[in-house]
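Letter by letter, the chains look like this.
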Amino acid sequence: MKITRLTTYPVPPRWLFLKMDTDDGTVGWGEPIVEGRAATVAACVEELSDYLIGRDPRNIEDLWQVMYRGGFYRGGPILMSAIAGIDQALWDIKGRCLGVPVAELLGGQVRDRIRVYSWIGGDRPADTAIAARSAADRGFTAIKMNGTEELQIIDTWEKVQAALDRVAAVREAVPDLGIAVDFHGRVHKPMAKVLLKELEPYRLMFIEEPVLPEHVDSFLEPMANTSTPIALGERLYSRWDVKAVLASGGVDVIQPDPSHAGGITETRKIATMAEAYDVAVALHCPLGPIALATCLQIDACTPNAFIQEQSLGIHYNIGNDLLDYLTDPTVFTYAEGFVAIPTGPGLGISVNEDYVVERAREGHRWRNPIWRHADGSVAEW
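Throughout what follows, the structure given in this document is the object of discussion. (Residues numbered from 1 in each chain as written. Predicted model: local features only at pLDDT ≥ 70, side-chain atom pairs only at ≥ 80, totals over all residues. Heavy atoms only, no water.)

**With respect to the sheet that holds strand β3 (residues 27-30)**
In plain terms, the rule: Only strands that DSSP links by at least two bridges are regarded as paired with each other. Under the DSSP-based scheme used, a helix requires at least four consecutive residues in state H or I and a strand at least two consecutive residues in state E, with every element numbered from the N terminus. Axis lines are fitted through C-alpha atoms, for helices just across the contact stretch, and the angle between N-to-C directions can take any value from 0 to 180 degrees.
Read across the open sheet, the three strands follow the order β1-β2-β3; overall the sheet is antiparallel. A single partner strand is all that each edge strand has here, and the edge strands are β1 (3-11) and β3. Between one strand and the next, the sheet's axes are offset by a mean angle of 20°, whatever the strand orientation. Pairing of strand β2 (residues 15-22) with β3 involves four bridges; the strand directions are antiparallel. Across the sheet, the residue bridging to aspartate 21 is valine 27, located in β3.

What follows is the structure, given as structure tokens:
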């Protein structure tokens, strides 16, 4: 079997799909994407195709090593996301060739479903109590919400109180709901210290990205001393990025994104490293159906995975949503706050290629918003 072609499709709302063809007709799909940089990742996939065309797609580890080590410069979001989508497609092909789900090739399932959470509140969280109640009514047992709007490096107590009030409203509306609060890297160290302390009474499931990953090494004491579990990892792209964070003892939940962190091959290794440090896994996935299917195959065989992000109804999904590109949307069966692990061959889903081609004609140029502080300076989004 030989790889014959790689084709990328930028599709709304902000995703990039990859189709990998082979000479015997077997097809694999992947989702290589950096949100807001889809065209850049597509160009990287095209460059990497020089290492792939004519090669046997079943030699996944060797192809991964060639893509990673074949260039003198390595790592970072663009290259690792391009490798990620290609790697997903390779595993999809291998599973389809053998007639088994990817999880079967990674040691077999330790679970047949996993808990999921629903996003509420958007970039500028408002009406969060109503949204939380709605999520609970739809069967979700956990939600994630943005903690704050933009915050200056030192900001006012008024903004801190607004963040606390939103979380308090959710906790009051649904007392037994799991609540994750995402700081989104938009909070600087001085304000993050304040918020970590003040949010402790609300019994959060975890706080995500309390500071940007480049500041973790100087924020270890507050992270280690709070009673709230700390989660991070969506902007870490390899086991080499993750190893110092795990060794620091400052993180309780690692959140690699299999569409950013080198695909199934690398994310599985990161999860195994985390298990050695007794760190939980909650894979990052505010993306499309191929990315979610990838996550679920990893979740299926990862003992320390405990919850899965998914994008159904997320505020970014304008024009198309998670299930639109599948020939059988019921493959993601949501019930009682869980989603079932797909059991079909490969990634376990069937992509509606005709619809993908149709929507790719429109494509997208999604960009994250640019925020500014009251003084005109650029704020973290």
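**What about the side chain of threonine 128?**
Put simply, the test is: Buried residues are those whose accessible area, probed at 1.4 Å on protein chains only, stays under 20% of the maximum for their type, while exposed residues exceed 50% and partly exposed ones sit between those limits. Under the rule applied, a polar contact is a pair of N or O atoms within 3.5 Å (in protein, one hydrogen donor and one hydrogen acceptor; residues adjacent in sequence only if both atoms are side-chain atoms). The contact criterion used is simple: two residues touch if any of their non-hydrogen atoms lie within 4.5 Å.
As for its position among the elements, threonine 128 is in helix α5 (residues 128-137). Using a relative accessible area of 4% as the deciding quantity, one classes threonine 128 as buried. Of note is the side chain of threonine 128, whose polar atom sits 3.5 Å from the backbone oxygen of arginine 166. With near-sequence residues (within four places) excluded, threonine 128 lies in contact with Ile120, Gly121, Met145, Arg166 and Val170.

**Topic: the state of the cysteines**
Condition: Cysteine sulfurs are considered disulfide-paired once they come within 2.5 Å of each other.
In the structure shown here, the tally under the stated rule is zero disulfides. We note that cysteine 295 lacks a disulfide partner, and the nearest cysteine sulfur, in cysteine 285, lies 4.0 Å from it.

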